[in-house]
Amino acid sequence: MALQWTPFTLPILAAGLGYAAFAVYLFRRPEHRGTHGSRIAAFLLGGMAVWLLAYAGQLSVTSLDAKLVFQRLKYLGPTTVPVLWFAYTLAYTGYVDAVPRRAWAALAVPPAAMFALAVTYPLNRLVWADAFRRDLGNWVGLGVEHAVAFYGYQVYVYGLFLASLFVLAQNLVASSGVYRRQTLGLLAGALLPGFLGVLHVADASPVPYLDLPAIAFVGTAAAVAWSATRDDLFTLEPVAWETAIAKLDDPVFVLDTDDRVVAANDAAESFAPDPVGQSAAATLGRVLADDVWTAVGDHECDGTSGCRHRVYEVSVSPVERDQTRVGRVVVVRDVTERRERERRLDEFASVVSHDLRNPLNVAHGHLELARESGDDEHFEETDDALARMEDIIDDLLTLAREGDATPDAEPVTLSAAARTAWESVEATDADATLEVGEDRTLVADETALVRLLENLFRNSTEHAGCDVAVAVGTTGGGFYVEDDGPGVPESERDTVFESGFTTRDDGTGFGLSIVAEVADSHGWTVALVDGEAGGARFEFDT
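Computed from a prediction, not measured in an experiment: that's the story for all the values here.

Criteria and cut-off values
- Residues numbered from 1 in each chain as written.
- Predicted model: local features only at pLDDT ≥ 70, side-chain atom pairs only at ≥ 80, totals over all residues.
- Heavy atoms only, no water.
- Helix = DSSP H or I, 4+ residues; strand = E, 2+ residues; numbered from the N terminus.
- Buried < 20%, exposed > 50% of the residue type's maximum accessible area, 1.4 Å probe, protein only.
- Contact = heavy atoms within 4.5 Å.
- Areas by Shrake-Rupley, 256 points an atom, 1.4 Å probe, with all protein chains shown as cover.
- Pairing = 2+ DSSP bridges.
- Axes fitted to C-alpha atoms, helices over the stretch in contact; angles between N-to-C directions.
- Salt bridge = Lys/Arg side-chain N within 4 Å of Asp/Glu carboxyl O.
- Patch = residues over 30% accessible without salt bridge, like charges linked within 9 Å, V, L, I, M, F, W, Y side chains within 5 Å.
- Phe/Tyr/Trp six-rings, centres within 6.5 Å; stacked < 30°, edge-to-face > 60°.
- Lys NZ or Arg CZ within 6 Å of the ring centre and 35° of its normal.
- Expected span 1.5 Å × (residues − 1).
- pLDDT = per-residue confidence, 0-100.

1. Description of the overall build of the protein
Line of reasoning, step 1. Looking only at helices and strands, the protein features 16 helices and 14 strands.
Line of reasoning, step 2. Among the 542 residues that make up the protein, the fraction classed as buried is 47%.
Line of reasoning, step 3. Across the protein, the fraction of contacts at a sequence separation of at least 24, relative to all contacts at a separation of at least 6, is 60%.
Line of reasoning, step 4. Surface summary for the protein: the accessible area is close to 26,300 Å², and the carbon and sulfur share equals 56%.

2. With respect to the sheet that holds strand β13 (residues 525-530)
Line of reasoning, step 1. The strand order across the open sheet built from 5 strands is β9-β11-β12-β14-β13, with neighbouring strands paired in mixed fashion. Bordering the open sheet on either side are β9 (433-436) and β13, each of which pairs with just one other strand. Here the average twist between neighbouring strands, direction ignored, is 15 degrees.
Line of reasoning, step 2. Sheet strands touched by helix α15 (residues 446-464): β9, β11 (469-474), β12 (478-483) and β14 (536-541). Its angle to β12, the strand with the most contacts, is close to 25 degrees.

3. Concerning unusual backbone geometry
Line of reasoning, step 1. Y121 connects to P122 through a cis peptide bond whose omega is 10 degrees.
Line of reasoning, step 2. Along the polypeptide, P122 turns up in the loop between α5 (101-119) and β1 (128-135).

4. A closer look at the pattern of salt bridges
Side chains carrying opposite charge are able to pair once their charged atoms draw close together.
Line of reasoning, step 1. Under the definition given, this model contains 10 salt bridges.
Line of reasoning, step 2. Across the pair R333 and D250 runs a salt bridge whose closest N-O atoms are separated by 2.8 Å. With R333 in strand β7 (residues 324-334) and D250 in the loop between α8 (212-231) and β3 (252-255), the pair connects residues that are 83 residues apart, well separated along the chain.
Line of reasoning, step 3. The partly exposed category is assigned to R333, whose relative accessible area is 35%.
Line of reasoning, step 4. One salt bridge in this structure joins R537 and E539, with 2.7 Å as the shortest N-O distance.
Line of reasoning, step 5. Each of E300, E313, R338 and R339 takes part in one network of salt bridges that share partners.

5. Comments concerning a nonpolar patch on the surface
Line of reasoning, step 1. A surface patch of nonpolar side chains, amounting to about 220 Å² of accessible area, comprises L13, L17 and L53.
Line of reasoning, step 2. Looking at the element boundaries, L17 is found in helix α1 (residues 9-28).
Line of reasoning, step 3. With relative accessibility at 47%, the residue L17 sits in the partly exposed group.

6. Remarks on the packing of aromatic side chains
Line of reasoning, step 1. Inspection of every chain in the model, using the stated rule, returns 15 aromatic pairs.
Line of reasoning, step 2. Aromatic pair F132 and Y209: ring centres 6.3 Å apart, planes at 80 degrees, arrangement edge-to-face. Of this pair, F132 sits in strand β1 while Y209 is found in the loop between α7 (177-201) and α8, placing the two residues 77 residues apart along the sequence.
Line of reasoning, step 3. Plain terms: the ring middles of Y153 and Y156 are 5.5 Å apart, the flat faces sit at 25 degrees to each other, and that makes the pair stacked. Of this pair, Y153 and Y156 both sit in helix α6 (residues 148-174), 3 residues apart, which is roughly one turn of that helix.
Line of reasoning, step 4. Classification of Y156 as buried rests on a relative accessible area of 15%.
Line of reasoning, step 5. Joined through ring pairs, the aromatic side chains of Y75, Y121 and W128 make up one cluster.
Line of reasoning, step 6. One residue, R537, lies across the ring of Y480, its end atom 3.9 Å from the ring centre.

7. Brief notes about α15
Within an α-helix, residues lying three or four positions from one another point in the same direction, as the helix has 3.6 residues per turn.
Line of reasoning, step 1. The end-to-end C-alpha distance of α15, which contains 19 residues, comes to 27 Å, matching closely the 27 Å that a straight helix rising 1.5 Å per residue would cover.
Line of reasoning, step 2. After α15 finishes, the residue G465 shows a positive phi value of roughly 100 degrees.

8. Side note on the confidence of the model for the protein
Line of reasoning, step 1. Residues at a pLDDT of 70 or more form 81% of the protein, whose mean pLDDT is 80.
Line of reasoning, step 2. Element-level mean pLDDT values for the protein span from 67 in helix α13 (residues 376-404) up to 94 in helix α3 (residues 64-74).
Line of reasoning, step 3. Low pLDDT, under 50, characterises residues 239-244; the stretch is placed with 17 contacts to residues that sit more than four places away or in other chains.
Line of reasoning, step 4. Contacts of residues 503-508 to residues separated by more than four positions or lying in other chains number 14 contacts, the stretch itself having pLDDT below 50.

Structure, rendered in structure tokens:
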């Protein structure tokens, strides 16, 4: 059998071998054999490989009989690639399961019939009316005269082709990031064979007796290689994205079996920027303190958003196809505020059951003694107990409002807010003094700021005496309030802002907790340090 060499043989052979190698690679990856897209892609690339390798063989031989052997074998490509391409585009965009099995069986009939007619030529002449050798100077080509079945089959092929382009165009508009680039790669790889196929069917080829779609697949190989290398085409597919709601308010991540993020909704993009294509550890690990995404189930873990501590509920669900695990869906929900409300509710329940019960029992006891003895002293004790209950209730209401309210911020001068707050101290006939230093305009809720300062002033008079000297001034990043009292031991500085903490028998333990709540609602940080005179100094970074 005489052989020849053509200028087209080497690129066609190289592209065919490349498709074959990639198909084998996909077949050998067990973590992708359970997904529709990867399995179909492997068959698709295999069909393209057979098409090109058989065509390279046809170009390499010179006799008509040898060329017809390779021509019949080559038709495995044109009869499988169109329907596999259509199936892959549906799998990639999530629509493959929407096509019933009977419909797929019907779609397989025209390719099977076409291949049977090609293999049995020249017993029938429905695909090719005639086939002949053509001397092209430096090499010998195969010429065919197409018949009625060939043209009818092209209607089927281009129907699938146009439907695939429509689905991919829709996906291009709806997708973003790596999936938009993948879709562009698929479109680029399909358009050239589709266009040259039209010229081939119309016998309008600029190079006679060449299979133009096969030549076009050489260019497609470059597009596939580029997209596979840059954007993981065929190996990074949207695993079961149909199970997640793209517009869900909570961040949703879809992971493959390699713990790589293959899809993310809009909320996830805000939660961990540009997550698709990265490992879960590189994206979720930047926010979540534990690798809870590895285990199916519901978890709660700590995390950070910016520099702030958060609490997250993480729900991990398996994604399975054909009883094979192909990935996981991870839904993250920020429950920080909910947990804080639950904590505050527990505190309120504790206060109602304990702190309010104590003065209530005192009031009941002294009222009973007053009835028996008529001594006015017992009424005074009852009045004191009721006043303490009123203070506790006021502080509880303040805490509840500060924890749930959003500050109505506006420019407020520190000196004006301090003098307004000081009026509550002066009303107690205390001998305390207030010194206001350098002024500053703050963006704050004026009522809340006054409440914060009132609690700090009250804290100073209660713990440092009625003649305490209080100073208010500015720092490089905010303001401070300090007194000349005994200060706060370092061992207690981490707990003074906790609700219910107090060192006085008649204290509610909520004053500094209110200060912390007001500061937090404004996005400020507060620190307790030693003052210049040795007293307590509260510094606020605004």
